[in-house]
Amino acid sequence: MRWQGNRESDNVEDVRDGAGGGAGPGMSFGGRGIGLGSVAVALVASYFLGVNPLTVLNMLSGGGGMSAPSPAHQPAASRSHAPANDEQTRFVRTVLADTEDVWHELFKQAGGQYQDPRLVLFRGSVPTACGQGQSATGPFYCPGDQKVYIDLGFYDVLRDRLGAPGDFAQAYVIAHEVGHHVQNLLGTSAKVDEMRHRLSKTQYNALSVRLELQADCYAGVWANHAQQARQIIEAGDVEEAMNAAAQIGDDTLQRNASGHVSPESFTHGTSQQRMTWFKRGMESGDMRQCNTFAKDAV
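Remember, it's a predicted structure, so these values are computed and weren't measured experimentally.

1. Details of the overall build of the chain
Then, in step 1: A count of helical and extended segments in the chain gives 10 helices and eight strands.
Then, in step 2: When each of the 298 residues of the chain is scored for burial, the buried share is 53%.
Then, in step 3: A separation of at least 24 residues holds for 75% of the contacts in the chain among residues at least 6 apart in sequence.
Then, in step 4: As displayed, the chain offers around 12500 Å² of accessible surface, 48% of which is attributable to carbon and sulfur atoms.

2. Describing helix α5 (residues 167–186)
Then, in step 1: Between its first and last C-alpha, α5 extends 29 Å over 20 residues, near the 28 Å set by a 1.5 Å rise per residue.
Then, in step 2: Across the 20 residues of α5, 17 count as buried, placing the element largely inside the fold.
Then, in step 3: Where α5 ends, the next residue or the one after it, Gly187, has phi of about 85 degrees, a positive value.

3. A look at the state of the cysteines
Then, in step 1: A complete count under the given rule lists two disulfides for this structure.
Then, in step 2: Two residues, Cys130 and Cys142, share a disulfide whose sulfurs are 2.1 Å apart. Measuring handedness by torsion sign, the sulfur bridge of Cys130 and Cys142 sits at about 90 degrees and is right-handed. With Cys130 in the loop between β5 (125–128) and β6 (131–134) and Cys142 in strand β7 (residues 140–142), this residue pair connects regions lying 12 residues apart in the sequence. Each member of the pair, Cys130 together with Cys142, is buried.

4. Regarding the packing of aromatic side chains
Within a pair of aromatic rings, the relevant descriptors are the distance that separates the centres and the angle that separates the planes.
Then, in step 1: Per the counting criterion, the structure on display carries seven aromatic pairs.
Then, in step 2: A centroid spacing of 5.2 Å and a plane angle of 65 degrees characterise the contact between Phe107 and Tyr114, whose relative ring orientation is edge-to-face. Summarising the burial analysis for this pair, Phe107 and Tyr114 share the class buried.
Then, in step 3: Seen in terms of ring centroids, Phe168 and Trp222 are 6.0 Å apart; in terms of plane orientation they differ by 25 degrees. Their pairing is stacked. Taken as a pair, Phe168 in helix α5 and Trp222 in helix α7 (residues 201–230) lie far apart in primary sequence, 54 residues in all.

5. Comments concerning the nonpolar core
Then, in step 1: Ranked by internal contacts, the top residues of the largest apolar core, which has 56 residues, are Met1, Trp103, Leu119, Phe168, Trp222 and Phe278.
Then, in step 2: Looking at this core, the elements with two or more residues in it are α3 (87–109), β4 (118–121), β8 (147–150), α4 (154–160), α5, α7, α8 (237–247) and α10 (271–284).
Then, in step 3: Setting aside chain neighbours within four positions, we find Trp103 in contact with Tyr114, Val178, Val182, Tyr218, Val221, Trp222 and Met287.
Then, in step 4: By size, the runner-up hydrophobic cluster in this structure holds nine residues, among which are Val15, Val120, Phe122 and Ala129.

6. Some remarks on α10
Then, in step 1: Look at α10: 20 Å from first C-alpha to last across 14 residues, which is about the 20 Å you get at 1.5 Å a residue.
Then, in step 2: Contact partners of the buried residues in α10: α5, α7, α8 and α9 (250–258).
Then, in step 3: Immediately beyond the C-terminal end of α10, within one or two residues, lies Gly285, with a positive phi of roughly 65 degrees.

7. Overview of the environment of Leu253
Then, in step 1: Mapped onto the elements, Leu253 comes out in helix α9.
Then, in step 2: What makes Leu253 buried here is its relative accessible area of 13%.
Then, in step 3: Separated by 17 residues in the primary sequence, Leu253 and Thr270 have C-alpha atoms spaced 9.2 Å apart.

8. Section: the sheet that holds β8
Then, in step 1: Read from one edge of the open sheet, four strands run β1-β4-β8-β7, paired in mixed fashion. Since the sheet does not close on itself, it has two edges, and those belong to β1 (12–14) and β7, each with one partner. Between one strand and the next, the sheet's axes are offset by a mean angle of 25 degrees, whatever the strand orientation.
Then, in step 2: Here α3 sits on the sheet in contact with β1 and β4, set at roughly 165 degrees to β4.

9. Digging into the environment of Asn205
Then, in step 1: Position of Asn205 relative to the elements: it lies in helix α7.
Then, in step 2: In this structure Asn205 comes out as buried when scored by relative accessible area, which is 5%.
Then, in step 3: Distance in space between the C-alpha atoms of Asn205 and Glu264 is 7.4 Å, their sequence separation being 59 residues.

10. Section: the side chain of Thr99
Then, in step 1: By the secondary structure assignment, Thr99 is in helix α3.
Then, in step 2: The buried category is assigned to Thr99, whose relative accessible area is 1%.
Then, in step 3: Looking at Thr99, its side chain comes within polar contact range of the main-chain oxygen of Leu96, at 2.6 Å.
Then, in step 4: Not counting residues within four places of it along the chain, the set of residues in contact with Thr99 comprises Ala175, Val178 and Trp222.

Here is what the cut-offs are and how they apply
- Residues numbered from 1 in each chain as written.
- Predicted model: local features only at pLDDT ≥ 70, side-chain atom pairs only at ≥ 80, totals over all residues.
- Heavy atoms only, no water.
- Helix = DSSP H or I, 4+ residues; strand = E, 2+ residues; numbered from the N terminus.
- Buried < 20%, exposed > 50% of the residue type's maximum accessible area, 1.4 Å probe, protein only.
- Contact = heavy atoms within 4.5 Å.
- Areas by Shrake-Rupley, 256 points an atom, 1.4 Å probe, with all protein chains shown as cover.
- Expected span 1.5 Å × (residues − 1).
- Disulfide = S-S within 2.5 Å.
- Phe/Tyr/Trp six-rings, centres within 6.5 Å; stacked < 30°, edge-to-face > 60°.
- Core = buried A, V, L, I, M, F, W, Y, C linked by side-chain atoms within 4.5 Å.
- Pairing = 2+ DSSP bridges.
- Axes fitted to C-alpha atoms, helices over the stretch in contact; angles between N-to-C directions.
- Polar contact = N/O pair within 3.5 Å; in protein donor to acceptor, adjacent residues only side chain to side chain.

As structure tokens, then:
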């Protein structure tokens, strides 16, 4: 991926020196202990959750859906300062800037105004408007404070445990979470969340799948426009992103974790669905092609 020398975003907060820490497999979330196997599944599932990753951990431990605490009781990350200037941090700032440029232009073309999210680099744990975020839940977006949270150690997990290496796969992570921010600005996330208590667990899971696949499609839309404007894609980059999408499909995760697949419990979509919707966004560059909520779209 050609990213060096491009604009870097100022909307990055680095709280790695003062945002708690030490969270890891076996930690207790929401009063429930989670074993190593469940954390591994939750790590990848919540990787692309988008609303509140702690919900996944709670459900895996046998609980029901967990509502996000009020922002008044869960302040955003404090003691923020300018991010470090190492290559990986510069990469994150550059990819975030690229998403800003793309979405500002697309919102402008549609007669709207894009509001930049902020991206928080943390280590271990971090307070957010959606509750206490943990490294074990992977990158996530919190609509309550409009921030993307990433522990950069997850990129090692993505490469070493999940078999999805490459800088474009890492960019896909950021672009997907920013896709959830786009959904938040458009009111899509709120509409889905409103249905949480009106639907059965299986029905809501199906709705969650559509939300996640749309964020995949939006990530593809970003890739399309970034390529047109800045020619960022190199040979093998698209394959990296498609491989990442395949590795975090619900069917693949469940099969690798237990050898069994339970479609009614899917919350993010199959490997094939995730690849299909990312590809649709990337090939079309058109947000209108990302209507995963249309009848028979999924």
